[in-house]
Amino acid sequence: MIRSLATYVPPRVLTNDDFARMVDTTNEWILQRTGIRERHIVDAGVATSDLGKEAAVRAIERAGLTPDDIDLIIVGTVTPDMMFPCTACLVQNKIGAHHAWGFDLNAACSAFTYAVTTASQMIGSGAHDHALVVGADVMSSIIDYKDRSTCVLFGDGAGAVVVSAAGEDDVGRILDFEHEIDGAGGPALYMPAGGSLRPPSHQTIDLRLHYVKQDGQTVFKFAVRKTEEISRRVLERNGLKPSDLDLFVSHQANRRIIQSATGKLGIDESKVIINIERFGNTTAATIPLALNDAVCGGRLKKGDLVLLASVGAGFTVGAVLLRWGF
Ligand SMILES: CC(C)(COP(=O)(O)OP(=O)(O)OC[C@H]1O[C@@H](n2cnc3c(N)ncnc32)[C@H](O)[C@@H]1OP(=O)(O)O)[C@@H](O)C(=O)NCCC(=O)NCCS
């Protein structure tokens, strides 16, 4: 079960009007096409492990545990502090989780759903007691602030949960999951250089290849179709209808994607969390940030049936069905 949740966003905010001063765009266009008003952005020198650490420390505390109780750390991110060591090692060191092993999980916007599933399988096998799952990204480190079609979409942030075995008195459960990848979608959303295929060079920098490149419409259509499809599949397997859900928490990439997919599923908007307005797309952090807003707003309570759903670069697609435990 998910035993605790905490999030962290850096204090500095970039508004749509700030972007209107940087590129050829307007507050109205961004708001109408994406639902985003503002996003949080790190100051120079602040990395993914720093955001992850803030969320992790609070999540562990809220679980009533200490860092020494954590035996596994999974960090979902596409913006590791550096190519290696992995960000899980950096977080482990920063929080002092001396008994944990861990690794990074690269599934872009599906990293949180994939990491929750991985952690729950590790816990379910009996191999571990308490897993820390962190979804954290500093998207501002890979965004081209001269490209109006991508720069307005993304923000920085982190979320963390502790996944533990449910006790007899716990109502919380991770009930089921469904995940898939479709590598044919790679060219629709990717960062061309910086890896082994195109190591950094003057040329890759001159060609601005160390930034996110996206075919927005292809991603949009795939996201709407797959969010609906994967949600239906996991619900049907569990004998559930979309209307049985108490809350639907989708990855926050675009308000129109979420509204279109939930409209097709027939989920009442009162059961759908949309908080992209304040954070933009924080990649691995959107789902914990949305869960946190749901908890704080009294829209997510102990015992609620919740579906998490995500679509991300890769393409990666994920859904996790769970009963909320606190
Ligand atoms: C990126 C996205 C918001 C663009 O919205 P859209 O309605 O598809 O817009 P289009 O790409 O068709 O572009 C329409 C026009 O707006 C322009 N435009 C793009 N960004 C703009 C901006 N920030 N401000 C003003 N105009 C902009 C385009 O240049 C284009 O102009 P043109 O018609 O003169 O060529 C949308 O495609 C999207 O959200 N895609 C999914 C992105 C996503 O979810 N990514 C993460 C996945 S995990």
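Residues numbered from 1 in each chain as written. Predicted model: local features only at pLDDT ≥ 70, side-chain atom pairs only at ≥ 80, totals over all residues.

Undergrad: Sorry, what's going on with helix α4 (residues 87-95) here?
TA: Each turn of an α-helix holds 3.6 residues, which means side chains three or four residues apart point in the same direction. Among all positions in α4, only T87, A88, L90, V91, Q92 and I95 are buried. Buried residues in α4 make contact with α3 (48-62), β4 (72-76), β5 (101-105) and β6 (130-138). Phi turns positive one or two residues past the end of α4, at G96, with a value near 70°. (Buried ≥ 20, exposed ≤ 12 C-beta atoms within 10 Å, placed from the backbone. Helix = DSSP H or I, 4+ residues; strand = E, 2+ residues; numbered from the N terminus. Contact = placed C-beta atoms within 7 Å.)

Undergrad: Just checking my understanding: could you explain the site of the ligand for this structure?
TA: Around the ligand there are 22 residues in total, and T25, C109, G216, F220 and A253 lie nearest to it. Among the elements of the structure, α2 (27-34), α6 (148-151), α8 (216-237) and β12 (305-312) are those that each provide at least two residues to the shell around the ligand. No other element matches α8, which puts five residues into the shell around the ligand. By residue class, the composition of the shell around the ligand is eleven nonpolar, nine polar and two charged. In terms of domain composition, the shell around the ligand takes at least three residues from each of domain 1 (2-164) and domain 2 (173-323). (Near = placed C-beta within 6 Å. Nonpolar A, V, L, I, M, F, W, Y, C, P; charged D, E, K, R; others polar. Domains from an automatic or database assignment.)

Undergrad: Mind showing me how you'd approach the packing of α3 against α4 here?
TA: How two helices sit against one another is set out by the angle between their axes and by the gap between those axes. In contact at an axis separation of 9 Å, α3 and α4 are set at 50° when each is read in the N-to-C sense. One way to sum up the angle between α3 and α4 is to call them oblique. Relative to α4, α3 is oriented so that their crossing is right-handed. Every residue of α4 that contacts α3 at T48, S49, G52, K53, A56 and V57 is listed here: T87, L90, V91, K94 and I95. Considered class by class, the residues forming the contact of α3 with α4 number five nonpolar, four polar and two charged. (Axes fitted to C-alpha atoms, helices over the stretch in contact; angles between N-to-C directions. Parallel < 35°, antiparallel > 145°, perpendicular 65-115°, else oblique. Left-handed = near helix turned anticlockwise from the far one by under 90°.)

Undergrad: Got a minute to help me understand the domain arrangement of the chain in this structure?
TA: By a widely used convention, the size of an interface equals the accessible area lost when the partners come together. Once the domains are mapped, the chain shows domain 1 (2-164) and domain 2 (173-323). With 44 residues of domain 1 at the interface, the matching set in domain 2 holds 44 residues. Going through the elements one at a time, β1 (2-8), β3 (38-40), α5 (111-124), β6, α6 and β7 (156-164) are the ones with two or more residues in the side of domain 1 that touches domain 2. For the side of domain 1 that touches domain 2, the element with the highest residue contribution is α5, accounting for seven residues. Across the side of domain 1 that touches domain 2, the residue classes tally to 21 nonpolar, 16 polar and seven charged.

Undergrad: What exactly am I supposed to notice about the sheet that holds β12 here?
TA: Within a sheet, neighbouring strands are paired by backbone hydrogen bonds and run either parallel or antiparallel to one another. Spatially, β8-β13-β12-β11 is the arrangement adopted by the four strands of the open sheet, whose pairing is mixed. Looking at strand neighbours, the two that pair on one side only are β8 (173-181) and β11 (247-250), the edges of this open sheet. The sheet shows a mean angle of 10° between the axes of neighbouring strands, direction not considered. Strand direction decides the pairing type here: β8 and strand β13 (residues 316-323), joined by eight bridges, are antiparallel. Within β13, the residue paired with I181 across the bridge is T316. In the packing of α8 onto the sheet, the strands contacted are β8, β11, β12 and β13, and the crossing angle to β12 comes to about 145°. (Pairing = 2+ DSSP bridges.)

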